[in-house]
Amino acid sequence: MMAENILEVYELTKMYNHFTALDHISITIEKGAVYGLIGQNGAGKSTLMKLISDLAHPSSGSFKLFGHAPNDDPYVYRRVGVLIENSGLYPSLNAFDNMKMKSLAMGCFNRAKILNLLALCGLKDCGSKLTKNFSMGMKQRLGIAMALLNDPEFLILDEPTNGLDPQGILEIRNLLIKLNREQGLTLLISSHILEELSKIATHYAIIKNGRLVECLTSDELFEKCKDCLEIHVDDSSKAVLCLEQQCGVINYNVLAKNVIHIYDHYDKPEIIVKELVMRDVLVYNITMNKLSLEDYYLKKCGDEDVD
Ligand SMILES: Nc1ncnc2c1ncn2[C@@H]1O[C@H](COP(=O)(O)OP(=O)(O)OP(=O)(O)O)[C@@H](O)[C@H]1O
């Protein structure tokens, strides 16, 4: 069965005068995904989210939400919840009254629903405390509760854990996992910390300078970061012949400067070295490598290529 697409973005571009903030970005988000948008400061993450949320207009390109171009279906945003930049809280009101103000403005005030959402977001016991006295984590959770007021199926969150301490990050992460797994929401979350996103994301789009660098699933990311044996030899062509024919290695990569990454049989370095030396290949160095998520991301967003 074909998965339902919640968001399809085609060649979306945003220019600010002559500056290209977003350059022909195309991504697709399937129902049920936790889609991580990852990129350094200024990469264009917020710009993409603003375009999708109709808070800014594209210079070119288009997108569909729930299979509809927003211009063709004025009600499509009823199915979307958005938390971008700040949540627009009234500092002199408590959490309940902030929720009440927003729901009154939306024409959907329902006391029981607000209490349920506050409980869901871990704010059941904050009572009369004014939001100006909330911690960053509480403010973020209230922002998410407000974004849930219209019962969205798709939630767009711009850097929801930015500036939070580890406890705050954990609370937001647990809330997002609950929303995705128990309430079935599809999530689009931006971050510049891949390690943090990797704890919940099922898919990733890496963007750099407004351009899409890579789209990949969490399995593909795991595969790219998996263990390998790195060997430095004097002659990689001769070494590769030996690896294939004598050691039965199939899964390997030859990098620049006679460096080879071996992904299978890497648990038998002594045999690999012995076979190479017996066939007159000089082995200068041999190490076990595991690329951390952060290394991978930095290499993708830096000038180096990751093999
Ligand atoms: N209204 C605007 N006018 C001019 N330039 C803008 C405007 N909004 C964003 N930009 C520029 O577009 C680029 C992308 O900005 P954007 O806020 O989308 O990046 P980001 O990936 O969300 O970064 P951050 O993690 O810092 O929020 C930046 O260089 C930014 O300065």
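It should be emphasised that the depicted structure is a prediction, and the values quoted were computed from it without experimental measurement.

Turning our attention to the environment of Leu48. In this fold, Leu48 is placed in helix H1 (residues 45-52). According to the relative accessible area criterion, Leu48 is buried, its value standing at 0%. Sequence-wise, Leu48 and Leu37 are eleven residues apart; in three dimensions their C-alpha atoms are separated by 9.4 Å. Discounting chain neighbours no more than four positions away, the residues touching Leu48 are Leu12, Leu22, Ile25, Ile27 and Leu37.

Right, let's talk about the site of the ligand for a bit. By nearness alone, every residue bordering the ligand is listed as Tyr16, Phe19, Ala21, Gln40, Asn41, Gly42, Ala43, Gly44, Lys45, Ser46, Thr47 and Glu159. Within the contact set of the ligand, an oxygen atom lies 2.8 Å away from a backbone nitrogen or oxygen of Gly44. Against a free-state accessible area of 640 Å², the protein chains account for coverage of 60% of the ligand. Looking at which element gives the most residues to the shell around the ligand, the answer is H1, with three residues. Classifying every residue of the shell around the ligand by side-chain character gives four nonpolar, six polar and two charged.

Time to look at the sheet that holds strand E4 (residues 60-65). What the three strands build is an open sheet, ordered E2-E1-E4; its pairing is antiparallel. Here the strands that pair on one side only, and so sit at the sheet edges, are strand E2 (19-30) and E4. Each strand axis lies, on average, 15° off the axis of its neighbour in the sheet, ignoring direction. Packing against the sheet, H1 makes contact with strand E1 (5-16), E2 and E4, and its axis sits at approximately 115° to E1.

Now for the side chain of Glu8. Considering the arrangement of structural elements, one finds Glu8 in strand E1. It turns out Glu8 is buried and unbridged, and the closest side chain with the opposite charge, Lys64, is 5.1 Å from it. For Glu8, the side chain forms a polar contact with the side chain of Tyr10, separated by 2.7 Å. Glu8 has contacts with Ile27, Thr28, Ser62, Phe63, Lys64 and Gly67, leaving out every residue within four places of it along the chain.

About the cut-offs
Residues numbered from 1 in each chain as written. Predicted model: local features only at pLDDT ≥ 70, side-chain atom pairs only at ≥ 80, totals over all residues. Heavy atoms only, no water. Helix = DSSP H or I, 4+ residues; strand = E, 2+ residues; numbered from the N terminus. Buried < 20%, exposed > 50% of the residue type's maximum accessible area, 1.4 Å probe, protein only. Contact = heavy atoms within 4.5 Å. Near = heavy atom within 4 Å. Polar contact = N/O pair within 3.5 Å; in protein donor to acceptor, adjacent residues only side chain to side chain. Areas by Shrake-Rupley, 256 points an atom, 1.4 Å probe, with all protein chains shown as cover. Nonpolar A, V, L, I, M, F, W, Y, C, P; charged D, E, K, R; others polar. Pairing = 2+ DSSP bridges. Axes fitted to C-alpha atoms, helices over the stretch in contact; angles between N-to-C directions. Lys, Arg positive; Asp, Glu negative; His and termini not counted. Salt bridge = Lys/Arg side-chain N within 4 Å of Asp/Glu carboxyl O.

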